[in-house]
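Listed below, chain by chain, are the residues.
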Amino acid sequence: MPIFLLLTFIAMLFMSLAVPIAADSAYKWVDEKGVTHYSQRPPPDRETKKMASPPAPDKLKMPAESLNMRLERLEQEQAARERAAKQQAQEEKQQAARKHNCEAARKNLTLYKGNPRLRIGDSSGNYTRLNEKERHAHITEAKQQIEENCD
């Protein structure tokens, strides 16, 4: 993409240099019907008035930014847009994770509150019944996760 922008800028630069050459001189003349004409070549059988050339552009008013500086600025802007897109994608991923965690915490809270004789399996496949103190600890943890992840 930066190469395309560079080529476009170079083409525009050449076109802007060609404009003063093309507008070298202009003539104004009136035909027999009274219609005013403007042309770059005077008619041979008419009296013409040579128009003043437009003033040259003021070098001080034109931007003094070099091509390399402009290209660098465009690359920095592109990098900033890419960083913003990456950050937005990361934020969306975090929002999806929070939503998933919220739903899981609410489901767990419902399970712990509604089933006083709940059994929980460990990594080896053994199930143990929660006592009342452990169940209340899980309820407290589920409520804390709900506060952290739910809006």
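This write-up is about the structure you can find in this document. Remember, it's a predicted structure, so these values are computed and weren't measured experimentally. (Residues numbered from 1 in each chain as written. Predicted model: local features only at pLDDT ≥ 70, side-chain atom pairs only at ≥ 80, totals over all residues. Heavy atoms only, no water.)

**A short note on the pattern of salt bridges**
Applying the stated criterion to the full structure yields 3 salt bridges. Across the pair Glu-77 and Arg-73 runs a salt bridge whose closest N-O atoms are separated by 3.2 Å. Taken together, the positions of Glu-77 and Arg-73, both in helix α2 (residues 67-114) and 4 residues apart, correspond to about one turn of that helix. Its relative accessible area of 31% is what places Arg-73 among the partly exposed residues. Of the charged contacts in the structure, one is a salt bridge between Arg-135 and Glu-132, with a shortest N-O distance of 2.6 Å. Of this pair, Arg-135 and Glu-132 both sit in helix α3 (residues 132-149), 3 residues apart, roughly one helical turn. Overall, the relative accessible area of 9% leaves Arg-135 in the buried class. For Glu-132, a relative accessible area of 37% corresponds to the partly exposed category. (Salt bridge = Lys/Arg side-chain N within 4 Å of Asp/Glu carboxyl O. Helix = DSSP H or I, 4+ residues; strand = E, 2+ residues; numbered from the N terminus. Buried < 20%, exposed > 50% of the residue type's maximum accessible area, 1.4 Å probe, protein only.)

**A short note on the sheet that holds strand β3 (residues 49-51)**
With respect to topology, 3 strands assemble into an open sheet ordered β2-β1-β3, the strand pairing being antiparallel. A strand with exactly one partner marks an edge of an open sheet, and here the two such strands are β2 (36-39) and β3. Sheet twist, expressed as the mean angle between neighbouring strand axes with direction ignored, is 30 degrees. The pairing of strand β1 (residues 26-30) with β2 spans 4 bridges and is antiparallel. Note that in β2 the partner of Tyr-27 across the bridge is Ser-39. (Pairing = 2+ DSSP bridges. Axes fitted to C-alpha atoms, helices over the stretch in contact; angles between N-to-C directions.)

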